[in-house]
Amino acid sequence: MLPEFDLLKPQTLSEALEMLAGATSDVMPLAGGTNLIVDMRAGYYSPRMLVNIEGLEELRGIRQENGHLVVGGGVTITELLDDPLIAQFAPMMKEAAAVFANALIRNRATVGGNLVNAAPCADTAPPLLTLDAAVELTSKAGLRRMPLEDFLIDAFRTARQPQELLTAVRWPVSPPHSAGAFRKMGLRKVSCMAKVHVAVMLQSDGDSRCKKARIALGSVAPQHFRVHAAEDLLCDQSLTPETLSEAARMAAEAAVPRKGSEYKRKVVEG
């Protein structure tokens, strides 16, 4: 059963930020609600007030801007799945969207909400980490930008302040000779929480030598993280089976699954 709360419905971003100014944990933003409402029913949160930011125009849209892709915090997972810019410049995000829960949830869940919730099984975080994404956090005082890697602090904990909204996510368009892949292992094909996430982005010199590597894991530790040691191993190396195998071993070694879930290391390495 949901606890009692007041629901505010701002018409603009500035109105929403005004409502959040001076906010505490008793006031929370509400977008798709696919996580928050479930958690409130379970008793994890009991906010006195919800600020409904669903549909705010300033949080919508996917666009190119100064060599970056910019995705509004209110963009839904379905919109990621259907957008031609995502398909062209960030196919990993389309792969992640395609295995995100089910169609009903994809229609409501937002990119911003998925990141702010910071669940260890959040599907959008690993590919965004490998894309060098940054988040834009906006409050009445202004806008600040930080790497997603710094934003994700721990399980269900981020650097967002109560007065802030995650208004956008941005990342540089991948240069030529880049390729990425995203894989999710769950117990079912649909409507499942990930047991393991792996995302990889590699950039070559046009031959077989790696210029840049990004490897991110999810659901194998309290938070999503990049495997910097394995990335460093690959950089400026020929991508031989032996080198790739060693990078996979290092990624598996970096995983810190809960007791009883040690199998996840084998999944990462495989």
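Attention here is on the structure that accompanies the text. Computed from a predicted structure; not experimentally measured. For every chain, the first residue of the written sequence is number 1, and numbering continues from 1 onward in sequence order. In keeping with the predicted nature of the model, local features appear solely for residues at pLDDT of at least 70, side-chain atom pairs appear and are counted solely at 80 or more, and the whole-chain, interface and lining totals rest on all residues. Processing note: side-chain calculations cover all non-hydrogen atoms of the structure and skip hydrogens and water entirely.

On to the pattern of salt bridges, then. The term salt bridge refers to a side-chain nitrogen of Lys or Arg lying within 4 Å of a carboxyl oxygen of Asp or Glu. This structure, assessed with the given rule, holds 17 salt bridges. As a salt-bridge pair, Glu 65 and Arg 170 come within 2.5 Å of each other at their nearest N and O atoms. Residue Glu 65 is located in strand β4 (residues 62–65), and its partner Arg 170 is located in strand β10 (residues 165–172); the two are separated by 105 residues in the primary sequence. Of the charged contacts in the structure, one is a salt bridge between Asp 123 and Lys 184, with a shortest N-O distance of 3.0 Å. Of the two residues, Asp 123 sits in the loop between α7 (111–117) and α8 (125–130) while Lys 184 sits in strand β11 (residues 178–185), which places them 61 residues apart along the sequence. A 1.4 Å probe rolled over the protein chains alone gives each residue an accessible area, and that area as a share of the maximum for its type sets the label: buried under 20%, exposed over 50%, partly exposed in between. Residue classification places Asp 123 among the buried residues on the basis of a relative accessible area of 5%. Each helix is a run of DSSP H or I of at least 4 residues and each strand a run of E of at least 2, with the numbering of both proceeding from the N terminus.

The next thing to look at is the pairing of strand β6 (residues 134–139). In terms of burial, β6 is largely enclosed, as six of its six residues are buried. Residues Ala 134, Glu 136 and Thr 138 point to one face of β6 and Val 135, Leu 137 and Ser 139 to the other, with burial holding for every one of them. The pairing criterion for strands is at least two bridges between them, as found by DSSP. The sheet contact formed by β6 and strand β7 (residues 142–147) spans six bridges and is antiparallel. By the bridge assignment for β7, Glu 136 is matched with Arg 145. Two successive antiparallel strands, β6 and β7, enclose a turn made up of two residues. As paired elements, β6 and β10 share five bridges and run antiparallel to each other. In the strand pairing of β10, Val 135 is matched with Val 169.

Taken residue by residue, helix α5 (residues 91–98) has Met 92, Met 93, Ala 96 and Ala 97 as its buried positions. Buried residues along α5 cover an arc of 140 degrees about the axis, so they all sit on one side. Regarding the arc, it is the one traced by the directions from the helix axis to the C-beta atoms.

Our next topic: the environment of Glu 54. Assignment of secondary structure puts Glu 54 in the loop between β3 (49–52) and β4. Take Glu 54: its relative accessible area is 44%, and that puts it in the partly exposed class. Taking the C-alpha atoms as reference points, Glu 54 and Gly 32, separated by 22 residues in sequence, lie 6.6 Å from one another. Those residues in contact with Glu 54, other than ones at most four positions away along the chain, are Leu 30, Ala 31 and Arg 108. Under the rule applied, a polar contact is a pair of N or O atoms within 3.5 Å (in protein, one hydrogen donor and one hydrogen acceptor; residues adjacent in sequence only if both atoms are side-chain atoms). Engagement of the side chain of Glu 54 in a polar contact is seen with the side chain of Arg 108, the distance being 3.4 Å. It only takes one pair of heavy atoms within 4.5 Å for two residues to be counted as in contact.

Turning our attention to the sheet that holds strand β2 (residues 27–30). Strand order in the open sheet formed by three strands is β1-β3-β2, with parallel pairing between adjacent strands. Both edges of this open sheet fall to β1 (6–8) and β2, since each of them pairs with a single strand only. For this sheet the average axis-to-axis angle between neighbouring strands, irrespective of direction, equals 25 degrees. By the bridge criterion, three bridges tie β1 to β3 in an arrangement that is parallel. Bridged to Asp 6 within β3 is Met 49. Note on geometry: axes are C-alpha line fits, over the in-contact stretch for helices, and angles between N-to-C directions span 0 to 180 degrees. Against the sheet, helix α1 (residues 13–20) touches β1, β2 and β3, its axis set at about 165 degrees to β3.

Turning next to the sheet that holds β7. Hydrogen bonding along the main chain pairs the strands of a sheet, whether they run parallel or antiparallel. Taken in spatial order, the five strands of this open sheet run β4-β5-β10-β6-β7, and their pairing is antiparallel. Both outer strands of the open sheet, β4 and β7, are each paired with one neighbouring strand and no more. On average, each strand axis in the sheet is inclined to that of its neighbour by 25 degrees, with strand direction left out of account. Relative to β10, strand β5 (residues 68–72) is paired through five bridges, and the arrangement is antiparallel. Considered in β10, the bridge of His 68 is made with Pro 172. Set on the sheet, α1 makes contact with β6 and β10; between it and β10 the angle comes to about 120 degrees.

Distances and angles like these do not, on their own, reveal function.
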